[in-house]
Amino acid sequence: YGNFIDDLRLYVRGGTGGMGYPRLGGEGGRGGDVWFVAQERTTLKTIRDRYPQKRFLAGTGANSSVKALKGEKGKDCEVHVPVGISVLCDDGKQIGELNAAGERLLVARGGLGGSLATNFMPCKGQRRIVHLDLKLIADVGLVGFPNAGKSSLLSKISHAKPEIANYAFTTVQPELGKVMYADYKQISVADLPGLIEGAHANKGMGHKFLKHVERTKQLLLVVDISGFQLSIKTRFRTAFETIWLLTKELELYKEELLTKPAVLAVNKMDLPCAKDNLSELMKQLQNPQDFLHLLQEEMIPANTLEFKDIIPISTYTGEGIEELKARIRKSIDEEAEQENEEYRKKKLLLLQTSE
């Protein structure tokens, strides 16, 4: 998976409390806490490289003494983590999420200091093993089978320079690119490792890929107009079948993914017969029910993706690229406007009810 890490296991321990002072009823200081703080430009790789032991311990509380009957609290331990992190216990339960820079999460509480209630003996701090699970936050997620031309598309519309080749699994780690517009607006696009049939069941890159789709605001499906075949042993799939298979994989992983706004980019329009294949595909997408007999029963998703736009493109000749950029921008702006409208309505409703 190269230098890209999206899961890291750490040991965290809150500080032990300080000793009490029985003769004068003094209380020991509480142990320090361990906090995770979200910070821009931090990666899980920097945490792993900087702290190879992957252990984070907070300070011990000060003992009670004649000079200071109430001992001081132990030093807190703050760990800087990337934005877009879910923190999970070892048993898979979620402790919390950090989605914006500056957000803090308490992951291990310090122990109480010794006092009358504890017979002046201090308590140990909380100790646990936690998993940091990173899900990329991007405006648009590129979804498609291997070799559909996602990496080429990303290199055309943004400043990213992903590896490009004519074999199936070129992209083995997510790539993030920024699309720049004339008015300086930026839209982040994530090219995610190629799905294969059975990805929902963790085949291929499976969940490593699909979890990153969760945090993208919109989906951009990229399909090869001439169809797709992963290897000689697997079946050949037409562009129409490819769309249904991708939808099925997303649905089986998490149904909510199909509620995201989606745009369809039909790639490789420079190939011979592409125009005929496109008109056939458009016919099939207008009345999909008439063509479902072409698919096996298990390939048909319960819900379908509603495409806002269907745009024929060629990353080789550059055909349709500018139009695609404009449509992505329009779609993102519409969604933002809708969110603002809903936010305004909620505010208004709160004001009315408070009055």
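Residues numbered from 1 in each chain as written. Predicted model: local features only at pLDDT ≥ 70, side-chain atom pairs only at ≥ 80, totals over all residues. Heavy atoms only, no water.

To be explicit about the condition: UniProt positions are given in the numbering used here, feature names are shortened, and annotations may be inferred rather than shown by experiment.
An unreviewed UniProt entry lists the protein chain under the name GTP-binding protein 10, with Spizaetus tyrannus given as the organism. Of the comments in the UniProt record for the protein chain, the one headed Sequence similarities (unreviewed entry) reads "Belongs to the TRAFAC class OBG-HflX-like GTPase superfamily. OBG GTPase family." If you open the UniProt record of the protein chain and go to Subcellular location (unreviewed entry), you find "Nucleus, Nucleolus".

### Notes on the packing of helix H2 (residues 150-157) against helix H6 (residues 321-354)
Worth spelling out the cut-off: The convention used is that axes are lines fitted to C-alpha atoms, helices contributing only their stretch in contact, and that angles between N-to-C directions extend from 0 to 180 degrees. Only runs of H or I of at least four residues qualify as helices and only runs of E of at least two qualify as strands under DSSP, and these elements are numbered from the N terminus. Oblique is the label for any angle not covered by the other classes, which are roughly parallel (under 35 degrees), roughly antiparallel (over 145) and roughly perpendicular (65 to 115). In what follows, a contact means two residues having at least one pair of non-hydrogen atoms within 4.5 Å.
At a closest axis distance of 11 Å, the pairing of H2 and H6 adopts a crossing angle of 80°. Our classification of the angle between H2 and H6 gives roughly perpendicular. Across from Leu153, Lys156 and Ile157 in H2, the residues of H6 making contact are Ile321, Leu324 and Lys325.

### A look at the side chain of Asp33
Rule in force here: Here the term buried applies to any residue with accessible area under 20% of the maximum for its type, exposed to any over 50%, and partly exposed to those in between, with areas from a 1.4 Å probe on protein chains only. Two N or O atoms form a polar contact when they lie within 3.5 Å of each other; inside protein one atom must be a possible hydrogen donor and the other a possible acceptor, and for residues adjacent in sequence the pair counts only when both atoms belong to side chains.
For Asp33, the position within the fold is in the loop between strand E1 (7-13) and strand E2 (34-38). Overall, Asp33 belongs to the buried group, its relative accessible area being 6%. Of note is the side chain of Asp33, whose polar atom sits 2.7 Å from the backbone nitrogen of Gly110. Setting aside its immediate chain neighbours within four residues, Asp33 contacts Ala58, Lys73, Asp76, Cys77, Leu106, Ala108, Arg109 and Gly110.

### What to know about the pattern of salt bridges
The line we're drawing: Salt bridges are identified by distance alone: a Lys or Arg side-chain nitrogen within 4 Å of an Asp or Glu carboxyl oxygen.
The final tally for this structure, using the stated rule, is 24 salt bridges. Between Lys308 and Glu335 there is a salt bridge whose closest N-O contact spans 3.6 Å. Placement of Lys308 in strand E14 (residues 307-312) and of Glu335 in helix H6 is noted, with a sequence separation of 27 residues between them. Glu335 sits in the partly exposed class, given a relative accessible area of 23%. Of the charged contacts in the structure, one is a salt bridge between Arg327 and Glu323, with a shortest N-O distance of 3.1 Å.

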